[in-house]
Structures are given as C-alpha cells and as structure tokens.
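If you want the building blocks of each chain, they are given just below.
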Amino acid sequence: MAYGRRNQTSSLLEGFSLNPLPYPVLIILALISLFLGFSWYSSYESAVEEAESQFNWVLLVTPIALLLIIKWLSSMEPDWLFSMSPWERRRRTHNLPSEGSSPWGVAAVIVLLLDSNYSVITIGCLRHLVTYYAHEDRKPAKEEDKKRRSIRTGSSSSSSSFLLRMGSGVSRQVERRKALTTEKRTLYDLHECCGKDFPACTFKPADRKNWMDDLHPEKLKINRICWPGTHDSATDRIGIPLVTRPFAQCQSLSVYHQLVLGTRVLDIRVQKDRQVCHGILVTYSIDVVIKDIKKFLSETHSEIIILEVRTEYGHDDPPEFDKYLMDHLGQFLIHQNDNVFNKTLSEVLPKRIICVWKPRNSPQPKSGSPLWNSGHLKDDWINTDLPSTKFESNLKYLSEQPPVSSRKFFYRVENTVTPKPDKPIVCVRPVTGRIHEFARLFITQCFSRGIADKLQIFSTDFIEEDFVDACVAVTFARAEGKA
C-alpha cells in the first residue's frame, strides 16, 4: 500500500513539474535580464534619452548579435553544450523537442521590456527574433536529425534575407538617431543664442488655482488670455499600469488636479459608450471628468475653462451626447457667440465653461447653442517625434493665423511630439520630453519673431507648474500693456 501511494505522489508531482527551458531561451532571458537590471537601476526619465545617445551602437548591434548566436547554437548538436545536463536527458527520455517549448515565455519578457520607459532593444528586431525562434521551435523532434542538413541549407537563404532587412532597419535607426541629436542640438543652440526671456517672464501667480481672479476679471478680456492647456487631458489612469499605460498616458494628474495647477483648456476624447479613450485604449467614464470640473468650479469664483470634447478617431459618436453635456453642465455653459471673444471675464460670469463639442458624424452645435462647434477651436497637428521640426512647424502655422484681437476662434499650439511605432522608444513620456523643456523658448521666439499677439492656447503633455507660470506671465504682460 505504501508503495502504491509513493507512485501516486510521484506521478502527481511530475504532472505539476515544469519542462526545463532550452538553452537559446536561457541565453535570451539572461541578456534581457541584464538590460532590464541596468534600466531599473538608472534614473527614470533622463536615462532614456541619455542612454539613447551614449549607447547607440550597443542598441543596434545587440539584436543582430543575439540572432547570430541563436542561429549558431541551433546548428550545433545539443550534446555540445549540455552533454551532461539532466534537463537534456529528461528531454530525450520523454521525446521532447531539443529546441525547447513555446516561445511565449520569451514574448512575455519582451512585452515587459517594451513597456518600460527604457527601451533597450529595438522593437522591430525583437519582433523578428520571436518570429524566427517560434518558427524553429515548431519543427518536430523526431524529424530533426533526419532533416537537419536540409534545414541548414534552406535556412541559409532566409537568414541572408532576414539579415539584409535587419541591416536596412539598422541604417534607418542610425539616420534617425543622427537626426534626433541634430534637432535637439539646434534647440539648445537657439536657447544659448536667444535665451528664454520675454516681457514679464519672471511673473508668477500667487495662487495658480485662482490665477484668473488675481488678474482683475473686470479688465481681462477672453481673447487676451494665454490659456495653458493639456493634451489628452483625461489619460492619467488609462490602460494597464506597466503594460499599456506608458504608450497612451499623456498626463499624470487627474483633471481636477490639473485645474488646481492652473490648466484652463482640457482636451477630452470619448467613444460611443461615453468612456474616455486615447486611440484603442479606454479609461474611466466622462462622468469622472464632469465631476472633477464641477468640484473645481465649486471651489473658485472667476476661473473660466475651455472644455473641448471630441469623438476619438476611429470611434462612433456617443448617442445624444450634446444633450448629455447640456444636462450636466448647463448652468455653467457660456453660449456660442462670437461677441464673447471681446468680453471681459466679469461680463461672462457667472457662466464658467466654453464647451466645444466635436462629433464625427452627429450635427455640429449651431450659433446660440450652449455648446460651441469645431470651427471655434482650431489647431495644426504636426505628427513627428523630432523636436526642432515640431518647434519650427508650430511657429510657422502660428504665424499664419490672425491676431487674437481680430479672430473669432481659439487657436491651439501643442508643445508635444509623438512617439512612432517603428522607433526604439515608443513610450509617451520620454519622447514628449524632447520638446517639453523648450516651452519658454517657444514663447520667447514668438516675441522675437513678432507673432506673440497670435499665441492663445498653449498645450502640453504632463503639465507642470513652470509651464502654467509661463502662460500666466504672457497674460499678465498683455493685461499690463507690456505685450
């Protein structure tokens, strides 16, 4: 009886035991763990860009070297490396493939790696690596010895083609890195040459939560305000932390805390279920945004908010959403009227919100409506991850606008750059950080190039106090007749 129980226990434990990892997978995991350990040891934001410039060749050569090592090991007899390994003996006893099991474990580690803000190995190379290894892994073990020579012959041509594609990708990455380095150097040189001083640039609001109230609402006109705004304002909790969030999060503060910090223009994207979204990722309901706005308005007296709500690209309009906005914000809404631009804050109070509703298919709000249509808030989106290109394009498009004193719409400039899916770094924060520090330089260039009277809404990712202070300083300079 005891003997039978021992067999049962042994069988049970064996059933729960895990197959050992093959040696190519172990090498991949070891190298990736090395890079991850270094990335976690390094500082969060600055290390990304610093490492990107200091370790260019390491980043480019590592995937190729990794592939060559795996290809070489795959062509060797297993006995060469693990002749005495109990893992190898167990594989042979159970007739398992010598190349290992599924590559999903490697893929999981790669997903974790790509999600970190410190992207060490290029995305394209890793994608090819997983595809290649998965292809090799699916060959039946019982035919391995029989077809080894034919596999080597056939794989040589595909490997050559693969390496040619890799070489082309490496060349593109090298050129891209050179362009990025050049563009950042251009902005640093511009800063050293021209500085970042502008009229009243040292002014700071005593209370950012009530900065409009401190600038005399009875004198300050709507069209004279330089409005600090946020891009994709309600993405502070979007996606899954440490998995999808770094690829879509553009703000770390809630809507309420952005308003308290001094933000006065909100960019909200929704889909048909009234969920806030950014691309395909969704977060909380629009109800959360409305609640935050109402909370802020209840705590202040003279602060005006521009609330832009749009249906996200690729999504359908929420049913009867205009009615929803009017039902929940009706008492605060400033009605659509071109005369509003020349009014002072006191003249539009106690109304507090200019709400711009931008549906994709539903009818646009009409003149006199509590909501404003898309023609009253315009911008020119430049889809690039290069900071100087975005900087100069923003200046170019701004220069083509009428002065704020004569136009009957709001014009927004976004101090952001956009991650590209085929580049080594695709997380929002390190990419947008390339231009984030040049906000004051942009305002300075507006003054030096004679277009400061056209700057109106200035938006950013991950808004900070200094960004708000710079916009408030421009507003103060205008209110005091210094600009």
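Everything numeric here is computed off the predicted structure, so don't read it as measured data. (Residues numbered from 1 in each chain as written. Predicted model: local features only at pLDDT ≥ 70, side-chain atom pairs only at ≥ 80, totals over all residues. Heavy atoms only, no water.)

Colleague: I'd like to hear about the overall build of the protein chain, residue by residue, with values.
Modeller: Counting secondary structure elements, the protein chain contains 18 helices and nine strands. Here the protein chain holds 483 residues, and 51% of them are scored as buried. Total accessible area on the protein chain stands at roughly 23100 Å², and carbon and sulfur atoms take up 57% of it. (Helix = DSSP H or I, 4+ residues; strand = E, 2+ residues; numbered from the N terminus. Buried < 20%, exposed > 50% of the residue type's maximum accessible area, 1.4 Å probe, protein only. Areas by Shrake-Rupley, 256 points an atom, 1.4 Å probe, with all protein chains shown as cover.)

Colleague: Summarise helix α16 (residues 428-436); cite the residues concerned and give the values.
Modeller: Here α16 lies mainly inside the structure; eight of its nine residues are buried. For α16, the full list of buried residues reads Val428, Arg429, Pro430, Val431, Thr432, Arg434, Ile435 and His436.

Colleague: Can you break down unusual backbone geometry residue by residue, with the values?
Modeller: At the junction of Leu349 and Pro350, the peptide bond is cis and its omega measures out at 10 degrees in the coordinates. Counting through the fold element by element, Pro350 comes out in the loop between α14 (345-348) and β6 (353-358). Despite not being glycine, Asp232 has its phi angle at roughly 50 degrees, a positive value. Mapped onto the elements, Asp232 comes out in the loop between β1 (227-230) and α11 (255-261).

Colleague: Provide a residue-level description of the packing of aromatic side chains, including the pertinent values.
Modeller: Describing an aromatic ring pair means giving the distance of the ring centres and the angle of the ring planes. Scanning the model with the defined rule gives eleven aromatic pairs in all. Consider the rings of Phe203 and Phe476, whose centres lie 4.0 Å apart with planes at 0 degrees: the pair is stacked. Of this pair, Phe203 sits in the loop between α9 (144-194) and α10 (211-214) while Phe476 is found in helix α18 (residues 465-479), placing the two residues 273 residues apart along the sequence. Its relative accessible area of 17% is what places Phe476 among the buried residues. Ring centres of Phe341 and Trp372 lie 6.0 Å apart, and the angle between their planes is 90 degrees; this geometry places the pair in the edge-to-face category. Taken together, the residues span a long stretch of sequence, with Phe341 in the loop between α13 (321-329) and α14 and Trp372 in the loop between β6 and β7 (377-379) at a distance of 31 residues. Through a chain of ring-to-ring contacts, three or more aromatic side chains come together here, namely Trp227, Phe341, Trp372 and Phe410. Lys396 extends its terminal NZ or CZ atom over the ring of Tyr397, reaching a point 4.6 Å from the ring centre. The positively charged end of Arg429 is found above the aromatic ring belonging to Phe462, 4.0 Å away from the centroid. (Phe/Tyr/Trp six-rings, centres within 6.5 Å; stacked < 30°, edge-to-face > 60°. Lys NZ or Arg CZ within 6 Å of the ring centre and 35° of its normal.)

Colleague: Account for the packing of helix α17 (residues 439-448) against α18, naming residues and giving values.
Modeller: Packing of α17 against α18 leaves a shortest axis separation of 9 Å and a crossing angle of 20 degrees. With respect to α18, the element α17 is oriented roughly parallel. For the element pair α17 and α18, the recorded crossing hand is right-handed. Judged by residue contacts, Ala439, Arg440, Ile443 and Phe447 of α17 engage Asp466, Phe467, Asp469, Ala470 and Val474 from α18. Of the residues contributing to the contact of α17 with α18, the split by class is six nonpolar, no polar and three charged. (Axes fitted to C-alpha atoms, helices over the stretch in contact; angles between N-to-C directions. Parallel < 35°, antiparallel > 145°, perpendicular 65-115°, else oblique. Left-handed = near helix turned anticlockwise from the far one by under 90°. Contact = heavy atoms within 4.5 Å. Nonpolar A, V, L, I, M, F, W, Y, C, P; charged D, E, K, R; others polar.)

Colleague: Report on a nonpolar patch on the surface, specifying residues and quantitative values.
Modeller: On the surface, Ile240, Leu242 and Val243 cluster together into a nonpolar patch covering about 290 Å² of accessible area. Relative to the assigned elements, Leu242 resides in the loop between β1 and α11. (Patch = residues over 30% accessible without salt bridge, like charges linked within 9 Å, V, L, I, M, F, W, Y side chains within 5 Å. Salt bridge = Lys/Arg side-chain N within 4 Å of Asp/Glu carboxyl O.)

Colleague: Describe the environment of His436, with residues and values.
Modeller: Looking at where His436 falls in the secondary structure, it is placed in helix α16. Judged by its relative accessible area of 17%, His436 is buried. A sequence separation of 49 residues divides His436 from Pro387, and the C-alpha atoms of the two residues are 9.0 Å apart. Setting aside chain neighbours within four positions, we find His436 in contact with Asn415, Thr460, Asp461, Phe462 and Glu464. A distance of 3.1 Å separates a polar side-chain atom of His436 from the backbone oxygen of Asp461. At 3.1 Å, the side chain of His436 forms a polar contact with the backbone oxygen of Phe462. (Polar contact = N/O pair within 3.5 Å; in protein donor to acceptor, adjacent residues only side chain to side chain.)

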